Amino acid sequence: MYLKWCICADWSLSSLGILVNVGSHFDPARSIFVAPRKGVYSFSFHVVKVYNRQTIQVSLVLNGWPVISAFAGDQDVTREAATNAGLVMMERGDKAYLKLERGNLMGGWKYSTFSGFLVFPL
Amino acid sequence: MYLKWCICADWSLSSLGILVNVGSHFDPARSIFVAPRKGVYSFSFHVVKVYNRQTIQVSLVLNGWPVISAFAGDQDVTREAATNAGLVMMERGDKAYLKLERGNLMGGWKYSTFSGFLVFPL
Amino acid sequence: MYLKWCICADWSLSSLGILVNVGSHFDPARSIFVAPRKGVYSFSFHVVKVYNRQTIQVSLVLNGWPVISAFAGDQDVTREAATNAGLVMMERGDKAYLKLERGNLMGGWKYSTFSGFLVFPL
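Everything numeric here is computed off the predicted structure, so don't read it as measured data.

A. Highlighting the overall build of chain A. When you go through chain A residue by residue, the secondary structure sums to zero helices and 10 strands. If you list the helices and strands of chain A from N to C, you get β-β-β-β-β-β-β-β-β-β. Counting every position in chain A, which comprises 122 residues, the buried fraction comes to 55%. The long-range fraction of contacts in chain A, counting pairs at least 24 apart against all pairs at least 6 apart in sequence, stands at 70%. Surface exposure of chain A reaches about 4,800 Å², of which carbon and sulfur atoms provide 52%.

B. Molecular detail of the sheet that holds strand E9 (residues 95-102) of chain C. Residue and element names in this part refer to chain C. Ordered in space as E3-E4-E9-E6-E7, the five strands form an open sheet in which the pairing is antiparallel. In this open sheet, the two strands that pair with only one neighbour each are strand E3 (26-27) and strand E7 (65-72). Where E3 meets strand E4 (residues 32-34), two bridges bridge the pair, whose relative direction is antiparallel. The residue of E4 that forms the bridge with Phe-26 is Phe-33.

C. Up close: the packing of aromatic side chains. Summed over all chains, the structure comprises 12 aromatic pairs over all chains. Plain terms: the ring middles of B:Phe117 and C:Phe117 are 5.9 Å apart, the flat faces sit at 70° to each other, and that makes the pair edge-to-face. Taken together, the positions of B:Phe117 in strand E10 (residues 113-121) and C:Phe117 in strand E10 (residues 113-121) put the pair across two chains. Here C:Phe117 falls in the buried class, since its relative accessible area comes to 7%. Note on C:Phe33 and C:Phe43: the rings are 4.8 Å apart at their centroids and 65° apart in plane angle, and the pair reads as edge-to-face.

D. Quick look at the sheet that holds strand E9 (residues 95-102) of chain B. Read from one edge of the open sheet, five strands run E3-E4-E9-E6-E7 (chain B), paired in antiparallel fashion. This sheet does not close on itself; its edge strands, each paired only once, are strand E3 (26-27) and strand E7 (65-72) of chain B.

E. Region of the structure containing the pattern of salt bridges. Residue and element names in this part refer to chain A. Under the definition given, this model contains three salt bridges over all chains. Ionic pairing is found between Lys-38 and Glu-91, a salt bridge with its closest N-O pair at 3.8 Å. You can see Lys-38 sitting in the loop between strand E4 (32-34) and strand E5 (39-50) and its partner Glu-91 sitting in the loop between strand E8 (79-90) and strand E9 (95-102), a full 53 residues away along the chain. Under the relative-accessibility criterion, Glu-91 is labelled partly exposed at 41%.

F. Structural context of unusual backbone geometry. Positioned with a positive phi, A:Asn63 is a non-glycine residue whose angle comes to about 50°. With respect to the helices and strands, A:Asn63 occurs in the loop between strand E6 (56-62) and strand E7 (65-72).

G. Summary view of the side chain of A:Ser44. Within the secondary structure, A:Ser44 sits in strand E5. Those residues in contact with A:Ser44 that lie beyond four places of it in its chain are A:Asn84, A:Ala85, A:Thr113, A:Phe114, A:Ser115 and B:Ala85.

H. Broad picture of the confidence of the model for chain A. On average, residues of chain A score 79 in pLDDT, and 80% of them reach the 70 mark or higher. Two numbers describe this predicted complex: its pTM, 0.83, and its ipTM, 0.78.

I. Region of the structure containing the environment of C:Met90. All names here are of chain C. Among the structural elements, Met-90 can be located in strand E8 (residues 79-90). For the pair Met-90 and Val-34, spaced 56 residues apart in the sequence, the C-alpha separation amounts to 9.3 Å. Apart from the residues within four sequence positions on either side, Met-90 is in contact with Ala-35, Arg-37, Lys-38, Gly-39, Tyr-41, Phe-43, Leu-62, Lys-95 and Ala-96.

Conventions used here
- Residues numbered from 1 in each chain as written.
- Chains lettered and ligands numbered in written order.
- Predicted model: local features only at pLDDT ≥ 70, side-chain atom pairs only at ≥ 80, totals over all residues.
- Heavy atoms only, no water.
- Helix = DSSP H or I, 4+ residues; strand = E, 2+ residues; numbered from the N terminus.
- Buried < 20%, exposed > 50% of the residue type's maximum accessible area, 1.4 Å probe, protein only.
- Contact = heavy atoms within 4.5 Å.
- Areas by Shrake-Rupley, 256 points an atom, 1.4 Å probe, with all protein chains shown as cover.
- Pairing = 2+ DSSP bridges.
- Phe/Tyr/Trp six-rings, centres within 6.5 Å; stacked < 30°, edge-to-face > 60°.
- Salt bridge = Lys/Arg side-chain N within 4 Å of Asp/Glu carboxyl O.
- pLDDT = per-residue confidence, 0-100.

Spelled out as structure tokens, the structure:
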């Protein structure tokens, strides 16, 4: 049986909103997923940069190690997303979160999303 | 048992093509998903803007309310995608569709995709 | 029962790395998925173009036919992704892979990802 676990965080209203948090394995205070069991997890993120001249780099971090990165660097557009997605293997208790590795989000995380679910347990 | 339900619409040939529509819960005439049962659904969209000077904003709309937005605003590139993805909770009969909230797609929806599937029932 | 099958390839370290390859249905030497059984598969790709003046077009190719395309064409940004995602129906033995249809990746596939999993069997 598949474990019912998934989350979708979004910042549509500037502050963090949780569209879905089945199983409550996402900690909204720290924006960290904690894997409820061993398995393969799918993650997707879209971090929106509002007009500024800096390049941003965002990484999906697993237990402190960046595994997937995305970039947004255009100087002329009002809104642009650093986006990526992938599957990762996680043990029970492993932590996954987004980290802004370069640049800053002057307008906050507005319109950004971060979602994930268990593809299957192992 | 998981319900076999998913769709993937694409516009590779300028007009709407349906790569996958298992369960037939996607209405091609109106480009609307109707949820066959309560559950968590994953959606992903990539709307391609062909060269024009306008910014576009595309939203995933759930029963009339925008839940996730994406932008493409570059003036200098020939093709650029407004892309986002996320999970949403839907009741049976809930409707999900894409809405172009700002700008227009002069070249039509060519190369755009919209896909979704039931992650698990509730 | 769902088949445990998925992959996530990434090129974070310039050369191909395999984050996940459950079932070993991804051939790293040729970067090709071979479907282990009939079903609906979800694919996602993000191909990162490092600074160059060319437009790139990347397609997800199924048995030699491009089904989903993505573009990156900005001349002014250091890193930009051609990204798309979708669901496809595959028979046992069908092959899926990424193809660079236009332009070239001077910096290699660094930071690019390609992931997929079986949504459900048919």
